[in-house]
Amino acid sequence: VRERVKDPEGAAELLKKVLDQDADNRRAIDGLEAIARETGDAEALSRWLERKAEVSKSPAQRRSVLMELAEVQAERCANPRAATATLFGLIESDPAAVEAHDRLEELLAQQERFEELAELLEERDPDAFDIRDDAIAWRENELPSEVIEDARLGLAVSFGSCSFDEPRSDLRDLHWLE
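Rules used in this analysis
- Numbering of residues starts from 1 in every chain and runs along the sequence as written.
- It should be noted that, the model being predicted, local features are given only for residues of pLDDT at least 70 and side-chain atom pairs only at 80 or more, the latter also being counted only at that level, while totals for whole chains, interfaces and linings use all residues.
- With hydrogens and water excluded, all non-hydrogen atoms of the structure serve as input to the side-chain values.
- Here a strand pair is declared whenever DSSP counts at least two bridges between the two strands.
- Under the scheme used here, helices are H or I runs from DSSP no shorter than 4 residues and strands are E runs no shorter than 2 residues, and both carry numbers assigned from the N terminus.
- Pairs of N or O atoms within 3.5 Å make up the polar contacts considered here, provided that, within protein, one atom can donate a hydrogen while the other can accept it, and that residues adjacent in sequence are counted only when both atoms are side-chain atoms.
- Throughout, a contact is declared for two residues whenever any of their heavy atoms are within 4.5 Å.
- The classification of residues rests on relative accessible area computed with a 1.4 Å probe and restricted to protein chains. Under 20% of the type maximum is buried, over 50% is exposed, and intermediate values are partly exposed.

So, the pairing of strand β3 (residues 141-144)
Every other side chain in a regular strand lies on the same face of the sheet, so the side chains alternate between the two faces.
Working step 1: Relative to β3, strand β2 (residues 135-138) runs antiparallel, the two being bridged by four bridges. Each bridged residue has a counterpart across the sheet, and for Ile136 the counterpart in β3 is Leu143.

Notes on unusual backbone geometry
Working step 1: Even without being glycine, Ala78 reaches a positive phi, approximately 50 degrees.
Working step 2: The phi angle at Glu112 is positive, at roughly 55 degrees, despite the residue not being glycine.

A short note on the side chain of Gln111
Working step 1: Mapped onto the fold, Gln111 is located in the loop between α6 (98-110) and α7 (114-121).
Working step 2: Polar side-chain contacts of Gln111 include one of 2.9 Å to the side chain of Arg113.
Working step 3: Leaving out residues up to four positions away in the same chain, Gln111 has contacts with Pro80, Arg81 and Thr84.

With respect to the environment of Arg139
Working step 1: Relative to the helices and strands, Arg139 resides in the loop between β2 and β3.
Working step 2: Accessibility expressed as a relative area gives 25% for Arg139, which makes it partly exposed.
Working step 3: When the C-alpha atoms of Arg139 and Ala97 are compared, they prove to be 9.4 Å apart, with 42 residues separating the residues in sequence.
Working step 4: Sequence-distant contacts of Arg139, defined by excluding residues within four places in its chain, comprise Pro95, Ala96, Val98, His101, Glu123, Asp125 and Ala128.

Structure (structure tokens):
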């Protein structure tokens, strides 16, 4: 329709009529999304991306659309609260959406919503961790054992003991613990 009608408003009206008849018509939603992009209407783009996510068939496609929606909300609509709500919803339905976690962390920090940020960073799923001989991984983030060893050798001092009290008395003797 958009290609046949040179007037964006006229094309949008025709596409909305198509949606009145078939609310899940993906081509009409895509057309309205394209018109919103072309005209620079961020609020309309946000609405059509939200609708596109609702009718997406695959989880990967839905994830991609919701990530774009959050960016439009945060940047073009200057509404970071809406963006965080979108990302929280995405994470709730797709906990493995690492990019959503990363962007949500940024937005929460920018908004100084530190309690929510701390809660987001607190992992509750033991299956999210993978400890192997060659690395330790958390979700999509991996730290090779060589990096851990370098950090341990360069930054850490540790005392080992089978007793809880024994290392404390040793530390007191060294005047490292009062």
